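# Structural characterization, general
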Protein chains: 2
Amino acid sequence: MPKRGETKRAGIIEVAELAGVSRQTVTRAMNDMPGISAQTKRRVLEAAEQLRYRPSRFGRELVQQSARSLGLIVSDLANPYFSELASEFAKIAAANQWALVIIEKHPGPDTGWEQLRTLVGQVDAAIAYTDLAPHDIDRIFGSLPLVLLDAAERTLNALSPSRPRSAVNIDLAPGLAAVLDHLVGSGRSRIALVDIRYPTDESVRRETFARLVRDRGREPVVIEVEAGDDDLLVGRRAVQIAFDAPHPPDAIIAFNDMSAFGVLKELRVRDLAVPEACAVVGIDGLKIGVFVEPELTTLRLDFAAFAQLAFDEVVNMCATAPGAPQPPIRRHVSHELVVRQSG
Amino acid sequence: MPKRGETKRAGIIEVAELAGVSRQTVTRAMNDMPGISAQTKRRVLEAAEQLRYRPSRFGRELVQQSARSLGLIVSDLANPYFSELASEFAKIAAANQWALVIIEKHPGPDTGWEQLRTLVGQVDAAIAYTDLAPHDIDRIFGSLPLVLLDAAERTLNALSPSRPRSAVNIDLAPGLAAVLDHLVGSGRSRIALVDIRYPTDESVRRETFARLVRDRGREPVVIEVEAGDDDLLVGRRAVQIAFDAPHPPDAIIAFNDMSAFGVLKELRVRDLAVPEACAVVGIDGLKIGVFVEPELTTLRLDFAAFAQLAFDEVVNMCATAPGAPQPPIRRHVSHELVVRQSG
DNA sequence: TTGTAGGCGTTATCAT
DNA sequence: ATGATAACGCCTACAA
């Protein structure tokens, strides 16, 4: 029964009738299969064209048991961090004949909960970069294979153990150590970290940073900034806080590249030369880091490798028999220091 | 017959048997439908959980005739222009319960032709921002409803008229007129347009620009640059060309924001003050336009409106009966001038 | 080269 | 409240 107003689309049967052949012959023609004469094939394709026939995904996928649709949940695709990552997933997914379904889940308590469930229902596995609570994760994804990206330890530990859940996390310590060596080596003494306060936060960054700085005989400075919609403003705010205080830093490691751009901007507004008066280092290695002046020194994440790890794990989970145990896999990636002009 | 190594996923029948009920009762429990006792429902859900049961999309969609999967083809999702656009599509699609499938088709003759067909087969309609030849469009999309974004007139005219094809194009003239009024009004006399040469190009930009400039009693300057992988370099190259020539411009309208960033950068390298020595105006209105120094004056495109037009047209095409005529719809969007610091 | 039969997993309809 | 039956549209296997 066609829905209101819509006429039913032509099916394989109509095409078969119009072409005067069997359904099977239509299948052969449409899918470039052998065992059909050129003439019959042409007649069938003409009939299909005339009826605007297109094989139904549903019927086809049902019988072929395809299951190659990957959901990627990010908070905001307009954020270059997520779009660069999504771009890598697009390449990897395409190379493996998976469709990549992008789902935006903007931060906030219960924004579009039902919507999310609907979208997730269209997908055979998912990769999520989000700060959803463990409880919500279980409710939304059910027993769908899911790989979490850069999730808080606390979240991971609270996940239902019977569900297929893995994770790829970012290990900040090695990169941070490399930056600190670089900054200390170039004579910086008051090194600050911009740390955005998130509700789900764990302060693990702060502690790692403080330890690493002390290891190098310097005193750590942590600039705490409230999370905002706009990381650019977060960066500017960080500079305001740090430079309105008694002992301003001579090096700033931003929370990420986006906030580093804000740091650069506010320093320029205050006529503080970068890197002479203050070095600035970002985290992520976004492509637009070379757009600004001076070009941003940063800890680059290998997005392609990051995405590949997650994708491999998804495929792995999908291939595991449902009865077999699904030990949650934990993988890690870390950064590489890219020294440019800002530090 | 399960594929190599993989065990068949639990189906509704297994769940029904384990719970000791009929398939229909399982359906009722899984979908929160009425007509089931709380106790039975709980028993069924437990059985489902135990078997890691998840209703098959294929079976479900087959019987429900869903057809709510939208493909978005872009050349490079890591390019902020496309990701900001894609982000709007994600919001619109989600609000209408469509899944958004992102497909990257990087420029180049026959890169992943078969791959593209496979992906397109997973989708019920598509929106494409690409410079594919009309011939390839017909072969790849067949009779799939398709909306082209900012396609060349030549391409549109060559499309097979029997296929459901519409288009939303960008009308540059109104925005360009606004910029020129602004630049002339602030005393600029040698106004240049950076024009990237693409293979499929039509030089329509150049002509519109030249006409509008002459209308205002100034002499147009067109800086032609070969297309490259990197719009930033294109912008820098444009400045090199223009300022190594006898009469450099005092205002540059870049091909897009990304190349405008390159223009800004090269001007800074040459110690030319912006906007004093040379005004710079971008096109697109990307969010990162406020990240650079000085902030970029630009012609902003309303991405949300652009996407909404395309989406509405897709829905419209899908709702049209296959027998009914499908007159190709052509819609247009234009820019709004956003004056910031660079011009 | 072509046709026939069967089943993929689900939901809708109708009967109990 | 629950169950039996019939599609949904397609492809694989086999028969002609």
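Worth saying up front: this structure is predicted, and the values here are computed from it rather than measured.

### Quick look at the packing of aromatic side chains
Residues and elements named next belong to chain A. Overall, the coordinates contain 16 aromatic pairs over all chains when judged by the stated rule. Aromatic pair Tyr129 and Phe306: ring centres 6.4 Å apart, planes at 85 degrees, arrangement edge-to-face. Of this pair, Tyr129 sits in the loop between strand E3 (125-128) and helix H7 (134-141) while Phe306 sits in helix H13 (residues 303-319); the two residues are 177 residues apart in sequence, bridging distant segments of the chain. Residue classification places Tyr129 among the buried positions, given a relative accessible area of 11%. Feature note: the residues Tyr81, Phe82, Tyr129, Phe303 and Phe306 constitute an aromatic cluster, connected by ring pairs.

### Things to note about the interface of chain B and chain A
Facing 69 residues of chain B, the contacting portion of chain A comprises 69 residues. Together chain B and chain A conceal approximately 6,100 Å² of surface at their shared face, both sides included; 54% is due to carbon and sulfur atoms. Linking chain B to chain A there are ten salt bridges. Taking the shortest distance from any N to any O, the salt bridge between Lys265 of chain A and Glu295 of chain B comes out at 2.6 Å. On inspection of chain B and its partner chain A, the count reaches 25 residue pairs in polar contact (both at pLDDT 80 or more). Elements with a contribution of two residues or more to the side of chain B that touches chain A: helix H4 (57-64), helix H5 (80-95), strand E2 (99-104), helix H6 (113-120) and helix H12 (257-269) of chain B. Tallying contributions element by element places H5 of chain B first for the side of chain B that touches chain A, with eight residues. Its residues assigned to classes, the side of chain B that touches chain A shows 31 nonpolar, 17 polar and 21 charged.

### A few points about the UniProt feature "domain: HTH lacI-type" (unreviewed entry) in chain A
Taking the numbering used here, the UniProt-annotated feature "domain: HTH lacI-type" (unreviewed entry) corresponds to residues 10-64 of chain A. As a span, residues 10-64 of chain A carries 67% helix and 0% strand, and end to end its C-alpha atoms are 21 Å apart.

### What about the protein's contact with DNA strand C?
In the vicinity of DNA strand C there are 30 residues, among which Thr25, Gly35 and Thr40 of chain A together with Ile12 and Tyr53 of chain B approach most closely. Backbone sugar and phosphate groups make up 59% of those atoms of DNA strand C lying within 4 Å of the protein. Between DNA strand C and Asn31 of chain B, the relevant distance is 3.0 Å, taken from a phosphate oxygen to a side-chain nitrogen or oxygen of the residue. Mapped by element, the contributors of at least two residues to the surface near DNA strand C are helix H2 (23-30) and helix H4 (57-64) of chain A together with helix H2 (23-30) and H4 of chain B. Per-element tally for the surface near DNA strand C: the top contributor is H4 of chain B, with five residues.

### Things to note about the side chain of Arg163 of chain B
Mapping Arg163 of chain B onto the fold places it in the loop between helix H8 (153-157) and strand E5 (165-170). Here Arg163 of chain B falls in the buried class, since its relative accessible area comes to 13%. A polar contact of 2.7 Å, which involves the side chain of Arg163 of chain B, links it to the side chain of Glu49 of chain A. Contacts of Arg163 of chain B, omitting those with residues within four sequence positions, involve Glu49 of chain A together with Asp138, Gly142 and Ser143 of chain B.

### As for helix H7 (residues 134-141) of chain B
All names here are of chain B. Among the residues of H7, Pro134, Ile137, Asp138, Ile140 and Phe141 are the ones counted as buried. On its buried face, H7 is in contact with strand E1 (69-74), H6, strand E3 (125-128), strand E4 (146-149), H8 and E5. Of the residues flanking the end of H7, it is Gly142, one or two places downstream, whose phi is positive at about 55 degrees.

### Section: the side chain of Thr298 of chain A
Residue and element names in this part refer to chain A. Take Thr298: it is sitting in strand E10 (residues 297-301). Owing to a relative accessible area of 1%, Thr298 belongs among the buried residues under this scheme. A distance of 3.4 Å separates a polar side-chain atom of Thr298 from the backbone nitrogen of Ile283. Every residue in contact with Thr298, bar those within four places of it in the chain, is listed here: Asp257, Val281, Gly282, Ile283, Asp284, Gly285, Glu336, Leu337, Val338 and Arg340.

### So, the protein's contact with DNA strand D
In the region of DNA strand D, 28 residues are neighbours, and Ile12 and Gln24 of chain A together with Arg23, Thr25 and Thr40 of chain B sit closest. In DNA strand D, atoms within 4 Å of the protein come 59% from sugar and phosphate. In the model, a phosphate oxygen of DNA strand D is placed 2.7 Å from a nitrogen or oxygen of the Thr40 of chain B side chain. One of the side-chain N or O atoms of Gln65 of chain B is found 2.8 Å from a sugar or linking oxygen in DNA strand D.

### Topic: the relation of the copies chain B and chain A
With an RMSD of 0.1 Å, chain B superimposes on chain A once it is rotated by 180 degrees and translated 0.0 Å along the axis. What the rotation and shift describe, once combined, is the action of a two-fold rotation axis. Residue Val101 of chain B, judged by its C-alpha, is the member of chain B lying nearest the rotation axis, at 2.2 Å. Here 100% of the contact residues of chain B are again contact residues in chain A; the copies associate through an equivalent surface.

### Considerations on the domain arrangement of chain A
Accessible area lost on assembly of the parts is the figure often given for the size of an interface. Here chain A is partitioned into domain 1 (12-61), domain 2 (64-171 + 303-333) and domain 3 (172-300). Of note, the centres of domain 1 of chain A and domain 3 of chain A, computed from C-alpha atoms alone, are 62 Å apart.

### Thoughts on the sheet that holds strand E9 (residues 279-284) of chain A
Residue and element names in this part refer to chain A. Strand order in the open sheet formed by six strands is E7-E6-E8-E9-E10-E12, with mixed pairing between adjacent strands. Looking at strand neighbours, the two that pair on one side only are strand E7 (221-226) and strand E12 (335-338), the edges of this open sheet. Averaged over all adjacent pairs, the angle separating strand axes in this sheet is 20 degrees, with direction ignored. Here three bridges tie strand E6 (residues 191-197) to strand E8 (residues 251-253), and the two strands are oriented parallel to one another. If you follow Ala192 over to E8, its bridge partner there is Ile252.

### Overview of the pattern of salt bridges
All names here are of chain A. In this structure the tally under the stated criterion is 36 salt bridges over all chains. Lys41 serves as the salt-bridge partner of Asp32, at 2.9 Å between the closest nitrogen and oxygen. The exposure class of Asp32 is exposed, given its relative accessible area of 59%. Relative accessible area serves as the criterion here: at 22%, Lys41 is assigned to the partly exposed category. Asp138 is the partner of Arg163 in a salt bridge, and the nearest nitrogen-oxygen pair spans 3.5 Å. Taken as a pair, Arg163 in the loop between helix H8 (153-157) and strand E5 (165-170) and Asp138 in helix H7 lie far apart in primary sequence, 25 residues in all. Of the two residues, Arg163 and Asp138, both sit in the buried class. The structure contains a network of salt bridges with shared partners spanning Asp195, Arg197, Arg205, Arg206 and Glu224.

About the cut-offs
- Residues numbered from 1 in each chain as written.
- Chains lettered and ligands numbered in written order.
- Predicted model: local features only at pLDDT ≥ 70, side-chain atom pairs only at ≥ 80, totals over all residues.
- Heavy atoms only, no water.
- Phe/Tyr/Trp six-rings, centres within 6.5 Å; stacked < 30°, edge-to-face > 60°.
- Helix = DSSP H or I, 4+ residues; strand = E, 2+ residues; numbered from the N terminus.
- Buried < 20%, exposed > 50% of the residue type's maximum accessible area, 1.4 Å probe, protein only.
- Contact = heavy atoms within 4.5 Å.
- Buried area = accessible area lost by both parts, 1.4 Å probe.
- Salt bridge = Lys/Arg side-chain N within 4 Å of Asp/Glu carboxyl O.
- Polar contact = N/O pair within 3.5 Å; in protein donor to acceptor, adjacent residues only side chain to side chain.
- Nonpolar A, V, L, I, M, F, W, Y, C, P; charged D, E, K, R; others polar.
- UniProt positions renumbered as here; feature names shortened; annotations may be inferred.
- Near = heavy atom within 4 Å.
- Least-squares fit on C-alpha atoms with pLDDT ≥ 70 in both.
- Domains from an automatic or database assignment.
- Pairing = 2+ DSSP bridges.
- Axes fitted to C-alpha atoms, helices over the stretch in contact; angles between N-to-C directions.

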